[in-house]
Amino acid sequence: QKPGSESMPVVIFSERYLDHDPGPDHPESPQRLRAIADHLASRAWASEIEWREPTDPALRSPLGAILRCHSPDYLASLQRLCHRGGGRLDADTVCSPASFGTALLAVNGWLDGLAIALNEGQPVFVAARPPGHHALATRAMGFCLLGNAAIAARSALEDYGLERVAILDWDVHHGNGTEALVETDPRIGYWSVHQWPAYPGTGRSTDHGLGGQVHNYPLPPGGDGQAYRQLLEQTLLPALAAFSPQLLIVSAGFDAHRLDPLAGMHLESADYGQFTRSLRQLGVPLLFGLEGGYHLGALAESVAAVVDACRDPAP
């Protein structure tokens, strides 16, 4: 995209993303996406959003991309469990009959977003579920079935010939799954800002992955926008710039919001817009994908702040 040109942010969304149903009272509810879609549609600038449906897995199977990160045995077992009617994968993670197909559609949404960001130069927000950053190679974990961000990063390298991809995870919980799936590849840099202590208990500042390109920034509960901005401006942005990525993938969880019931951070919705504007200064293609965020109003407002920041002319 040429400097100074107008940005038309793309939002990838499908009603079928609501079909993954972990059951009543589960925090990772289908209503999360309904709240996001309804709120975006109500904004005064709604006409400036380009909505796109993800590619149906029947038309383009994502299995090849998924198998770069996950074992065939795990995929087969997940598919069997969903076919039998669903069930519990761990203490927090539940699948329903439609969950396997929805997870494939979510991966396709991230892969479609990757193609748009790289080929069309538009910032993309993938409003998909189930989320992915806790999913491990051989099992589901923490509401997550498939490692969407890691799968997209590997696809950027293998299918588009990129040499360096950065992942920034600002979800309030450490993305242990993403880290585990990318830490052996020096072409992928992983940066995580997360509450500590908190689930899943990983992400110490001394953990740098097998190749040294993992960077964890644990923050104590109560961190606010000023604390995050200071870390972003003084440490994260210079480190990302030094890595010289050709693509930045953001695992965009919004559970560091002060209203979120599952954590103890104090961000406001507007903070996420400021983060986005800062990241756009890097001048690289941007792919955002939904992770956590469990207060419906705060989640919807925070996503809108990100999409709004993507409407600005490119730096």
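Residues numbered from 1 in each chain as written. Predicted model: local features only at pLDDT ≥ 70, side-chain atom pairs only at ≥ 80, totals over all residues. Heavy atoms only, no water.

Peer 1: Which residues make up the layout of surface pockets, and what values do they have?
Peer 2: In this structure, the second largest pocket occupies an estimated 180 Å³ of space. Residue composition of the lining of the second largest pocket, grouped by class: six nonpolar, five polar and four charged. (1 Å grid on protein atoms, 1.4 Å probe; cavity = no way out; pocket = protein on both sides within 12 Å on 5 of 7 lines; lining within 4 Å. Points joined across faces, edges and corners; volume = space filled by probe spheres on them. Nonpolar A, V, L, I, M, F, W, Y, C, P; charged D, E, K, R; others polar.)

Peer 1: How would you explain the sheet that holds strand β8 (residues 214–219) if you had to name every residue and give the values?
Peer 2: A sheet is described by the order of its strands in space; here eight strands give the open sequence β2-β1-β5-β10-β9-β6-β7-β8, paired in parallel fashion. Only two strands of the sheet have a single partner each, and these edge strands are β2 (50–52) and β8. For this sheet, the mean inter-axis angle between neighbouring strands, taken without regard to orientation, is 15°. Note: strand β1 (residues 10–12) against β2, three bridges, orientation parallel. Within the sheet, the bridge partner assigned to Val10 lies in β2 and is Glu50. Where helix α5 (residues 148–160) meets the sheet, it contacts β6 (165–169), β7 (188–195), β9 (248–252) and β10 (286–290), and its direction lies at approximately 165° from that of β6. (Pairing = 2+ DSSP bridges. Helix = DSSP H or I, 4+ residues; strand = E, 2+ residues; numbered from the N terminus. Axes fitted to C-alpha atoms, helices over the stretch in contact; angles between N-to-C directions. Contact = heavy atoms within 4.5 Å.)

Peer 1: Could you give an account of empty space enclosed by the protein, with specific residues and numbers?
Peer 2: Considering all chains together, one arrives at one cavity of 30 Å³ or more under this definition. Lining the largest cavity we find Leu168, Trp170, Val193, Tyr228, Leu232, Leu236 and Phe275. Top element by residues in the lining of the largest cavity is helix α7 (residues 225–243). It accounts for three residues. Residue classes in the lining of the largest cavity are distributed as seven nonpolar, no polar and no charged.

Peer 1: A description of the packing of α7 against helix α8 (residues 269–280) should follow, citing residues and the corresponding values.
Peer 2: Two measures define how a pair of helices packs: the angle their axes make with one another and the distance between the axes. Between α7 and α8, the shortest axis-to-axis distance is 11 Å and the interhelical angle comes to 15°. Looking at the two axes, α7 sits roughly parallel to α8. Where α7 crosses over α8, the handedness of that crossing is right-handed. Taking contact as the criterion, the partners of Gly225, Tyr228, Arg229, Leu232, Glu233, Leu237 and Leu240 in α7 are, on α8, Asp271, Gln274, Phe275, Ser278 and Leu279. Split into classes, the residues belonging to the contact of α7 with α8 amount to six nonpolar, three polar and three charged. (Parallel < 35°, antiparallel > 145°, perpendicular 65-115°, else oblique. Left-handed = near helix turned anticlockwise from the far one by under 90°.)

Peer 1: Describe the pairing of β9, and please don't skip the residues or the numbers.
Peer 2: Both faces of the sheet carry side chains from a regular strand, because those side chains alternate between them. Most of β9 sits inside the fold, with five of its five residues counted as buried. Going residue by residue along β9, you find Leu248, Val250 and Ala252 tucked away on one face and Ile249 and Ser251 tucked away on the opposite face as well. Bridge count for β6 against β9 is four bridges, and the pairing is parallel. Across the sheet, Leu168 pairs through a bridge with Val250, a residue of β9. At this point the chain moves from β9, through α8, to the parallel β10, and the crossover so formed is right-handed. (Buried < 20%, exposed > 50% of the residue type's maximum accessible area, 1.4 Å probe, protein only. Right-handed = clockwise from strand over helix to strand, strands pointing away.)

Peer 1: Which residues make up the nonpolar core, and what values do they have?
Peer 2: With 93 residues, the main nonpolar core has Phe125, Leu146, Trp170, Ile249 and Phe254 as its most contacted residues. In terms of residue count, helix α4 (residues 99–119) provides more of this core than any other element does, eleven residues in total. Ignoring sequence-local partners within four residues, the contact set of Ile249 consists of Trp110, Ala149, Ala152, Ala153, Val165, Ala166, Ile167, Leu168 and Leu287. (Core = buried A, V, L, I, M, F, W, Y, C linked by side-chain atoms within 4.5 Å.)

Peer 1: Can you lay out the pattern of salt bridges for me, pointing to particular residues and giving the numbers?
Peer 2: Within the structure shown, the criterion is met by 17 salt bridges. Across the pair Glu50 and Arg52 runs a salt bridge whose closest N-O atoms are separated by 2.8 Å. Residue class for Arg52 comes out partly exposed when judged on its relative accessible area of 24%. One salt bridge connects Asp112 with Arg60, and the closest N-O pair in it is separated by 2.9 Å. (Salt bridge = Lys/Arg side-chain N within 4 Å of Asp/Glu carboxyl O.)

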